Amino acid sequence: MISFMWEPLIAAIKKEPEPDITAAMLDSLAEIVDLAEPGQLSGPQVQAAFGALQNILTAAEGRRTQRNKRVAAEDFDEEEEEALAAENEAEEELYDQVGSCLGNFLKVFGDAALPYVEGLMPSIAPLLDKSRPDEERRIALCIIDDMLEHSPAGRTKYLGQLMPVLLDACGSCHSDLRQCAVYGVGVGASLAPEVFKQHAPAALAAVTAIITAPDAKGDDNEMATDNALSALAALIEHHSDVCAADGMVELLVSGLPLKCDAVEAQKVNEWLVKRLEVRGPGLRGAKWPGGGRLCI
């Protein structure tokens, strides 16, 4: 069934000129990849999909160049500005769907998808530039997060050069961008500790800044804060030998409970239970929210 749908869908994606329709098609493509079992998609089929994604990214960059020219035109007015905002929104949705497709390919195929993703990096890397909209930067970071999480070879190869990008974005005023960045920090800290270790002190500083911000638990920021607390747990678990560990556990406990990100909440709670079971260092006497203490 997948093979029956795959070729017509890829062909339609390549021919479709409208970003919003293309985004809807990519949503279907991402679902198919998510449902695929190992061996159901051949190398040529995967290559065809990535060829279509490259065409989309190339066309999107061309449209961006044209939009920039329109902004610089002498007759650019309020009506044109509104039209441009709608076009930008459609492009961001398109980029988001490209990111979803790449994420699903990495989740399903792991290292086998890495060469295909690397082939798109010349088109994805420019999205990380600070001159690009925050939403485009967020999408690029989501792709990076998926590569680091689901491709061991990608982690080993790229984590070192990507850490400065992640740490810088941890300080962004855009909450979603900040959340994606600190999630990537947590992935690196837990899944590639040897490569990550030299960055651990800087990561601790970035994570601490997110957790201790006055509005850390505000509605717009709580998702990023939950991810920062999860990253802090990874730092405690894997990098307390190179971080200033004093107060790290108490800082984590002071941020409990995690309410916004259910996945990260489960990870942190399971980690705490395991540490309590083995009487992990730093937990004894840590202040619990509300004034109590952990006594083990």
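Counting restarts for each chain, with residues numbered from 1 along the sequence as it is written. Residues qualify for local features only when their pLDDT is at least 70, as the model is predicted, and side-chain atom pairs are given and counted only at 80 or more; totals for whole chains, interfaces and linings, by contrast, use all residues. With hydrogens and water excluded, all non-hydrogen atoms of the structure serve as input to the side-chain values.

**Q** I tried to follow the overall build of the chain on my own but got confused; where do I start?
**A** Helix and strand assignments come from DSSP, with helices taken as H or I runs of at least 4 residues and strands as E runs of at least 2, each series counted from the N terminus. On a plain count of helices and strands, the chain comes out with 13 helices and zero strands. When the helices and strands of the chain are read in sequence order from the N terminus, they spell out α-α-α-α-α-α-α-α-α-α-α-α-α. Each principal axis of the C-alpha distribution contributes one length, and for the chain these read about 65 × 50 × 30 Å. Within the chain, counting contacts between residues at least 6 apart in sequence, those at least 24 apart form 68% of the total. Whether two residues are in contact is decided by their heavy atoms: any pair within 4.5 Å suffices.

**Q** Just to check I follow, could you spell out the side chain of aspartate 226 for this structure?
**A** Position of aspartate 226 among the secondary structure elements: in helix H11 (residues 222–239). Buried means the residue's accessible area, taken with a 1.4 Å probe over protein chains only, is under 20% of the maximum for its type, while exposed means over 50%, and partly exposed covers the values in between. Judged by its relative accessible area of 0%, aspartate 226 falls in the buried class. Sequence-distant contacts of aspartate 226, that is, excluding residues within four places in its chain, are made with Lys217, Leu258, Lys259, Cys260, Asp261 and Glu264.

**Q** Looking at this model, I keep getting lost on the packing of helix H8 (residues 175–191) against H11. Mind explaining?
**A** Packed helices, taken two at a time, are described by their axes: the angle between them and the distance between them. Close contact between H8 and H11 brings their axes to 8 Å; oriented N to C, the two are set at 15°. The angle between H8 and H11 places the two elements in the roughly parallel class. Of the two possible hands of crossing, H8 and H11 adopt the one that is left-handed. Listed contacts from H11 to Ser175, Arg178, Gln179, Val182, Tyr183, Gly186, Ala189 and Ser190 of H8 are Met223, Ala224, Asn227, Ala228, Ala231, Ala234, Leu235, His238 and His239. Ten residues, namely Ala, Val, Leu, Ile, Met, Phe, Trp, Tyr, Cys and Pro, are considered nonpolar, four, namely Asp, Glu, Lys and Arg, are considered charged, and the remaining ones, Gly among them, are considered polar. For the contact of H8 with H11, a count of residues per class yields nine nonpolar, seven polar and one charged. Orientation is described by lines fitted to C-alpha atoms, with helices fitted over the stretch in contact, and by angles between N-to-C directions that extend from 0 to 180 degrees. When describing relative orientation, an angle under 35 degrees is termed roughly parallel and one over 145 degrees roughly antiparallel, while 65 to 115 degrees is termed roughly perpendicular and anything else oblique. The sense of a crossing depends on the near helix, which, turned anticlockwise from the far helix by less than a right angle, makes the crossing left-handed and, turned clockwise, makes it right-handed.

**Q** Would you take a moment to explain a negative patch on the surface for this structure?
**A** Taken together, Glu74, Asp75, Asp77, Glu78, Glu79, Glu81 and Glu82 make up a surface patch of like negative charges. Mapped onto the elements of the fold, aspartate 75 is located in the loop between helix H3 (43–72) and helix H4 (78–109). On the basis of relative accessibility, which here comes to 62%, the residue aspartate 75 falls in the exposed class. Residues enter a patch when their relative accessible area is above 30% and they make no salt bridge; the linking distance is 9 Å between like charges and 5 Å between nonpolar side chains (Val, Leu, Ile, Met, Phe, Trp, Tyr). Accessible surface is estimated by sampling points in the Shrake-Rupley manner with a 1.4 Å probe; for residues, cover comes only from the protein chains shown. The term salt bridge refers to a side-chain nitrogen of Lys or Arg lying within 4 Å of a carboxyl oxygen of Asp or Glu. Only four residue types enter the charge count, namely Lys and Arg as positive and Asp and Glu as negative; His and the chain termini do not. All charge positions are set by atom: Lys at NZ, Arg at CZ, Asp at CG, Glu at CD.

**Q** Please clarify how the confidence of the model for the chain should be interpreted in this entry.
**A** Low-pLDDT stretches of the model should not have their predicted coordinates read in fine detail. Averaged over all residues, the pLDDT of the chain is 91; the fraction at 70 or higher stands at 93%. When pLDDT is averaged over each element of the chain, H8 comes out on top at 98 and helix H12 (residues 248–254) at the bottom at 90. pLDDT is defined as a per-residue confidence score from the predictor, taking values between 0 and 100.

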